[in-house]
Every structure is written in C-alpha cells, then in structure tokens.
Amino acid sequence: QVQLVESGGGLVQAGNSLRLSCAASGRTFSTISMGWFRQAPGKEREFVVAFDRSGVNIYYADSVKGRFTISRDNAKNTVSLQMNSLKPEDTAVYYCAARTRRGSVYSSELYDFWGQGTQVTVSS
C-alpha cells in the first residue's frame, strides 16, 4: 500500500555530514506519521527520530539530539534526515518507516511500512 525508497547513505569521516532522503508512494494518506530507525551489525533496530500524529512535534533519540534533523516535503512526498557531526557509533543501516497505527512514536511495532535501508558508515 505504501512504498518507501531511501537514498543518500555513504561513507564519511567523523565530524562530517550526510543527508538521507525517503521517497514515499502509494496510499500515503493512510499513514499517521513518518520516522527513521537504524540498525548496526549485531544490534537491534533502534529509534532515531519521528514526527507525532500532528506532524508538528518531533521526537529525537538522546543519542542524536542536536546533531540530526528530520524534515518533510509534503508536495514531493519525501522525508529527509540531515545528519551532522557524525560519529563512528552512528554507523548503521538507516530505515525510513511509516506508521499507520496510534501509539508511541518510539515503537517500531507500530510502523507497518519500511524502506529497504541505506548504509551509513562513519570512519574515525
């Protein structure tokens, strides 16, 4: 029903920046909010940032506050993640996700649609 395609990942040195993009298509009006998660090798998927239902309030993981910024362009059906001051611990596959159910923005179980993921590697 909803397709998400991510892009923008790559290899960067610590302290540099990357901007990830997520293009949404299909029945996008059925989504409640959008967010980003990430998963490093050997670790569970973790919350990064997401909009709430209003699309106004934004919630960031403590580990990325002050460094990452989420934004959206409704006309283009895209969501972006600006990542500044990248650290080696930010290395992970980053996933764009769309939530269709009410609940906590932090809960990955409430997000029914996911992108394929884009690799972000930060070297020291």
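Up top you'll find the structure we're talking about.
In this report, the structure presented in the accompanying data block is examined.

The rules behind these values
Residues numbered from 1 in each chain as written. Predicted model: local features only at pLDDT ≥ 70, side-chain atom pairs only at ≥ 80, totals over all residues. Heavy atoms only, no water. Pairing = 2+ DSSP bridges. Helix = DSSP H or I, 4+ residues; strand = E, 2+ residues; numbered from the N terminus. Axes fitted to C-alpha atoms, helices over the stretch in contact; angles between N-to-C directions. Core = buried A, V, L, I, M, F, W, Y, C linked by side-chain atoms within 4.5 Å. Buried < 20%, exposed > 50% of the residue type's maximum accessible area, 1.4 Å probe, protein only. Contact = heavy atoms within 4.5 Å. Polar contact = N/O pair within 3.5 Å; in protein donor to acceptor, adjacent residues only side chain to side chain. Disulfide = S-S within 2.5 Å. 1 Å grid on protein atoms, 1.4 Å probe; cavity = no way out; pocket = protein on both sides within 12 Å on 5 of 7 lines; lining within 4 Å. Points joined across faces, edges and corners; volume = space filled by probe spheres on them. Nonpolar A, V, L, I, M, F, W, Y, C, P; charged D, E, K, R; others polar.

1. A few points about the sheet that holds strand β3 (residues 18-26)
Reasoning step 1: As summarised here, the arrangement of the four strands in space is β1-β3-β8-β7, forming an open sheet in which the pairing is antiparallel. Looking at which strands have only one partner, the edges of the open sheet turn out to be β1 (2-7) and β7 (68-73). Strand-to-strand twist of the sheet, defined as the mean angle between neighbouring strand axes without regard to direction, takes the value 20 degrees.

2. Notes on the nonpolar core
Reasoning step 1: By size, the foremost hydrophobic cluster in this structure holds 35 residues, and its most contacted members are Leu4, Trp36, Val48, Phe68, Leu81, Met83 and Tyr94.
Reasoning step 2: When near neighbours in sequence (up to four residues on either side) are disregarded, Val48 contacts Trp36, Phe37, Arg38, Tyr59, Tyr60, Ala61, Val64, Phe68, Leu81 and Tyr94.

3. Some details on unusual backbone geometry
Reasoning step 1: Not every positive phi belongs to a glycine, and Asn77 is a case in point at roughly 55 degrees.
Reasoning step 2: According to the relative accessible area criterion, Asn77 is partly exposed, its value standing at 35%.
Reasoning step 3: One non-glycine residue, Ser85, adopts positive backbone phi at about 50 degrees.
Reasoning step 4: Examined against the element boundaries, Ser85 turns out to sit in the loop between β8 (78-83) and β9 (92-99).
Reasoning step 5: You can call Ser85 partly exposed: its relative accessible area is 41%.

4. So, the side chain of Asp90
Reasoning step 1: Position of Asp90 relative to the elements: it lies in the loop between β8 and β9.
Reasoning step 2: Among the polar contacts listed, one links the side chain of Asp90 to the side chain of Arg38, at a separation of 2.9 Å.
Reasoning step 3: Dropping the residues within four chain positions of it, Asp90 is found in contact with Arg38, Arg67, Phe68, Ser85, Val120 and Val122.

5. Quick notes on the state of the cysteines
Reasoning step 1: A full pass over the atoms with the stated rule returns one disulfide.
Reasoning step 2: The disulfide bridge from Cys22 ends at Cys96, spanning 2.2 Å between sulfur atoms. Taking the torsion about the S-S bond as the criterion, the Cys22 to Cys96 disulfide, at about -75 degrees, is left-handed. One end of the pair, Cys22, is in strand β3; the other, Cys96, is in strand β9, and 74 residues separate them in sequence.
Reasoning step 3: According to the relative accessible area criterion, Cys96 is buried, its value standing at 0%.

6. Let's talk about the layout of surface pockets
Reasoning step 1: Within this model, the largest pocket holds a volume of roughly 440 Å³.
Reasoning step 2: Taken together, 20 residues make up the lining of the largest pocket; nearest its centre are Thr28, Thr31, Met34, Arg72 and Asn74.
Reasoning step 3: Of all the secondary-structure elements, those providing two or more residues to the lining of the largest pocket are β3, β4 (33-39), β7 and β8.
Reasoning step 4: Of the residues belonging to the lining of the largest pocket, the class tally is eight nonpolar, eight polar and four charged.

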